[in-house]
Amino acid sequence: MSSIISISGLTKTYADGLVALSGIDLEIRRGEIFALLGPNGAGKTTLINIVCGIVNPSSGTVVAGGYNVITQSRQARFNIGLVPQELATDWYESVWGSVSFSRGLFGRPANPALVEDVLKRFHLWEKRDAKIMTLSGGMKRRVMIAKALAHEPTILFLDEPTASVDVELRRELWAEVRGLRESGVTIILTTHYIEEAEEMADRIGVINKGTMVVVDDKIALMKKLGGKHLTLHLQQSLAAIPSALADWPLSLGAGGHQLIYSFDSDGADTGIDRLLHRLTELKIAYRDLHTSQRSLEDIFVDLISERKGRGP
Amino acid sequence: MTAPTINHFAIWAIYKAEMARFARSSIQSILSPVVSTSLYFIVFGTAIGSRMASIEGVAYGAFIVPGLMMLMLLVESLSNASFGMLMHKFSGTIYELMSAPVSHVEMVASFVGAAVTKSMILAALVLATSAFLVPLEIRHPVWMIGFLLLTSVTFCLFGFILGVWAKSWEQLWIIPGLIVTPLTFLGGAFYSIDMLPPAWQTIAMFNPVVYLISGFRWSFYGTADVAIEVSLAAVFAILVVCFAIVAWIFKTGYRLKN
């Protein structure tokens, strides 16, 4: 599949000495939804801002839609849309005015029908004449998205799109993002929620401390990362795992009061059913049980130690 | 899709947005400079001016009109052009400008173009008001408009630089409030440089505003402290310096990009 964005050897050290990116190589495929997953301060926003032309890289090259973002910036930027993390708009401007402004700024002739369509899709049509300062936080977020779509970009960046967004807008947003993908738009979103990446993305890139830790198809990656734990709170503690349970990957916790089973939630057979059945047969009683997703932090620790294990 | 060679859509969008901001704050941005300048005409022109001798054959009330217009023009050009840029930095909307397919020349043209339009509207209003209050004469109207336009462009560019440089609203007022206004008062807005003691006349020649006021006054009454060619050269010199600084700002991304 052809790349729409090629990033190679990208580094960024800010004037205060902060190293935000240390050697990023990344290919974004045409027409995919790519999730850039990482904790706060991992370099997600810096990476996006370099592609969009807001931050100058220290070294390395970025080619977007076939154009170098530094030497052919006008043509590169012409097809890129950005929804930044912060709600930054002219508060005294109307919704209609602000969205129309963005379309013009990105070099498109006025097209009231298109702006109307975008506003309707994001439930902003009723508020088209309202000043942005009078809107709620969720509505302001919709304006930010509408502004980014007003010039019909073929590459769309969503920087933490669901930060401080209610469930309803989140669902709408995801539906809209999928619709955009159907129409051929490539979407790159950043998030620090693994569930969000899992729900939306075709591929996921994990970034930590300015380095790409792993880039893989979602399904492959979730298999690798997305393990779950089943924790059984036992009535009576166990000193060791009974040999009759050797078929399951089990461990003991809380001084033998907890039996922990790691399983793959995407698998066809999680093995939970047979495990619980066997426990009943063995008369191992439990008073409570719960399953939990492995946290992003656990996954980072795994990925980073895995890399170290492989050697430099 | 291919980007246009000149992004005239963006120039127009920024220009319109800046003019809309101007219209939204019309009381502050139109009424206040017109009223305060008119107060000078009333106090110094009509009230005190009637007791003062004419200068170089021009009634005192009329004599101060070019200088006061220049004062208003310099301060308003600086603050209008700088305000727009600082507003974008302050509210965070600068992200959109910096990520848009807009060249540096286009960005400067739109911001400075809008600020110059505002300055020219204000100058026209102040001139019309002064015509009611003092006996006015304009000997070289084409020169007058040309000088007005040239000074507006120069100081709007200067204002643009100020807006990029300033990190706070307070800093925005340092140049117009603490430098340009005193230089204008000392630059012959209220008197002819000839009236100063010889030593002060020499010092005054280092004040760039003297050349602006002198040239502008010449277009009204045909009298000047320095030759019109010298005035023109001074405005062009400031203009060139401003252009050079703007070019440097965009080349380095100074205070615009990290």
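One can find the structure itself at the top, above this paragraph.
Small disclaimer: the values here were computed from a predicted structure and weren't measured. (Residues numbered from 1 in each chain as written. Chains lettered and ligands numbered in written order. Predicted model: local features only at pLDDT ≥ 70, side-chain atom pairs only at ≥ 80, totals over all residues. Heavy atoms only, no water.)

Q: How do you make sense of the sheet that holds strand β10 (residues 211–217) of chain A when you look at a structure like this?
A: Sheets are built from strands paired through backbone hydrogen bonds, the pairs being either parallel or antiparallel. Residue and element names in this part refer to chain A. Here we have 6 strands laid out as an open sheet, ordered β6-β7-β8-β3-β9-β10, and mixed in their pairing. A single partner strand is all that each edge strand has here, and the edge strands are β6 (80–83) and β10. Pairs of neighbouring strands in the sheet enclose a mean axial angle of 15°, with direction left out of account. Along the sheet face, helix α5 (residues 137–149) touches β6 and β7 (155–159) and points at about 170° away from the line of β6. (Pairing = 2+ DSSP bridges. Helix = DSSP H or I, 4+ residues; strand = E, 2+ residues; numbered from the N terminus. Axes fitted to C-alpha atoms, helices over the stretch in contact; angles between N-to-C directions. Contact = heavy atoms within 4.5 Å.)

Q: Help me understand the nonpolar core in this model?
A: What tends to happen in soluble globular proteins is that the nonpolar side chains get buried as a cluster. Ranked by size, the top nonpolar core spans 154 residues in total, and within it Ile-5 and Phe-157 of chain A carry the most contacts. Among the elements that line this core, the one with the most residues is helix α3 (residues 60–91) of chain B, at 16 residues. The next biggest cluster of nonpolar side chains, apart from the first, holds 14 residues, and it includes Leu-234, Tyr-261, Phe-263 and Leu-276 of chain A. (Core = buried A, V, L, I, M, F, W, Y, C linked by side-chain atoms within 4.5 Å. Buried < 20%, exposed > 50% of the residue type's maximum accessible area, 1.4 Å probe, protein only.)

Q: Sorry if this is basic, but what is going on with the layout of surface pockets here?
A: Over the atoms, a rolled probe matching the size of one water molecule traces out where space is still vacant. Here the largest pocket defines a volume of roughly 830 Å³. Lining the largest pocket are 40 residues, with Arg-21, Ser-25, Gln-28, Asn-80 and Phe-83 of chain B positioned closest to its centre. For the lining of the largest pocket, the secondary-structure elements that each account for two or more residues are α3 (95–105) of chain A together with α1 (8–24), α2 (26–47), α3, α5 (104–133) and α8 (174–185) of chain B. The greatest single-element share of the lining of the largest pocket, amounting to 12 residues, is contributed by α3 of chain B. (1 Å grid on protein atoms, 1.4 Å probe; cavity = no way out; pocket = protein on both sides within 12 Å on 5 of 7 lines; lining within 4 Å. Points joined across faces, edges and corners; volume = space filled by probe spheres on them.)

Q: How should I be thinking about the pairing of strand β9 (residues 203–208) of chain A in this particular structure?
A: Here is the key point about a regular strand: its side chains alternate between the two faces of the sheet. Residue and element names in this part refer to chain A. Most of β9 is tucked away: 6 of the 6 residues are buried. Across 4 bridges, strand β3 (residues 33–37) lies against β9 in parallel orientation. Bridged to Phe-34 within β9 is Arg-203. Alignment of β9 against β10, held across 6 bridges, turns out to be antiparallel. Along β10, the bridge assignment pairs Ile-204 with Asp-216. Turn length for the β9-β10 hairpin, with the two strands adjacent in sequence and antiparallel, is 2 residues, and the turn residue Lys-209 shows positive phi of about 50°.

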